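Examining the three-dimensional arrangement
This is what each chain is made of:
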Amino acid sequence: MQFKEDMLRVGVITQTHGLKGEVKIFPTTDDVKRFDYIDRVFLKSVSKGIIKNENNELIELHVTGAKYFKQYVILKFDGINDINDVMKYKGMEIYVAREDAIPLEEGEYYISDLIGLRVTDEEENEIGTLKDVMQTGANDVYVVDGNESYDNKEILIPCIKECIKNVDLENKTITVHLLKGLV
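First, a word on scope: everything that follows refers to the structure included in this document. Bear in mind that the values here come from a model prediction, so they are computed numbers and not experimental data.

Observations concerning the pattern of salt bridges
All chains considered together, the criterion is met by 9 salt bridges. For Glu22, the salt bridge identified is with Lys67, shortest N-O distance 3.4 Å. Of this pair, Glu22 sits in strand S2 (residues 22–27) while Lys67 sits in strand S4 (residues 60–69), placing them 45 residues apart in sequence. Note on Lys67: relative accessible area 41%, which makes it partly exposed. Notably, a salt bridge pairs Arg40 with Glu99, separated by 3.4 Å at the nearest N-O pair. Of this pair, Arg40 sits in strand S3 (residues 40–44) while Glu99 sits in the loop between strand S6 (93–96) and helix H2 (111–114); the two residues are 59 residues apart in sequence, bridging distant segments of the chain. Through salt bridges with shared partners, a single network forms among Arg40, Glu60, Glu99 and Asp100.

Structure follows, in structure tokens:
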């Protein structure tokens, strides 16, 4: 499979775990238990480019087991039974194909679908572009690159009902209500 921009990152391999080819994953997903249901993953190296096989496609690894330790997930891959075979994957990002992702509830969105959306206020005045989503624990915070009207400054908007009025993926727009003191 070729790497696609709509693949979803679910974690980063931080280090090996034990001697039998397991890896320790720092999850980058809001639902850590998703690893109980993942059958296959794809790897991407941040520094070395994308790991590919001789056909120039992503290496697909099949997950045979997941367990949890503190804030980490320990994964076991099919056919990898030795620490030496898994060392090369240390530091790589783990992705799943969108079709393998856990279905979202109504009103939930993949962060990758939100990045780049135009942000407007309730009167349709453009505020800027969503550049990131910070996951704080209590609630997500939308990081918006403000336009000239906002001195091109970064605007942090909490992802709460009082602020986020509408997300329209089809029209690539997020409508917000800026509470007093946010700007």
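Having seen the model, we can carry on.
Observations concerning the nonpolar core
Core analysis: the biggest nonpolar cluster contains 22 residues, and Ile25, Val41, Leu75, Phe77, Tyr89 and Ile94 have the highest contact counts within it. Among the elements of the structure, strand S1 (8–17), S2, S3, S4, strand S5 (72–77) and S6 are those that each provide at least two residues to this core. Those residues in contact with Val41, other than ones at most four positions away along the chain, are Ile59, Glu60, Leu61, Val63, Phe77, Ile94, Tyr95 and Val96. Listed in part, the 16 residues of the second largest apolar core include Ile127, Tyr142, Ile157 and Cys163.

A few points about the pairing of S4
In the case of a regular strand, side chains alternate between the two sheet surfaces. As defined by bridge partners, S3 adjoins S4 across 3 bridges and the pair is classed as antiparallel. What sits directly across from Phe42, in S4, is Glu60. Where S4 and S5 come together, 6 bridges link them in antiparallel fashion. Along S5, the bridge assignment pairs Ala66 with Leu75. What sits between S4 and S5 in their antiparallel hairpin is a turn of 2 residues, with Lys70 showing a positive phi close to 55 degrees.

Quick notes on the rules
- Residues numbered from 1 in each chain as written.
- Predicted model: local features only at pLDDT ≥ 70, side-chain atom pairs only at ≥ 80, totals over all residues.
- Heavy atoms only, no water.
- Salt bridge = Lys/Arg side-chain N within 4 Å of Asp/Glu carboxyl O.
- Helix = DSSP H or I, 4+ residues; strand = E, 2+ residues; numbered from the N terminus.
- Buried < 20%, exposed > 50% of the residue type's maximum accessible area, 1.4 Å probe, protein only.
- Core = buried A, V, L, I, M, F, W, Y, C linked by side-chain atoms within 4.5 Å.
- Contact = heavy atoms within 4.5 Å.
- Pairing = 2+ DSSP bridges.

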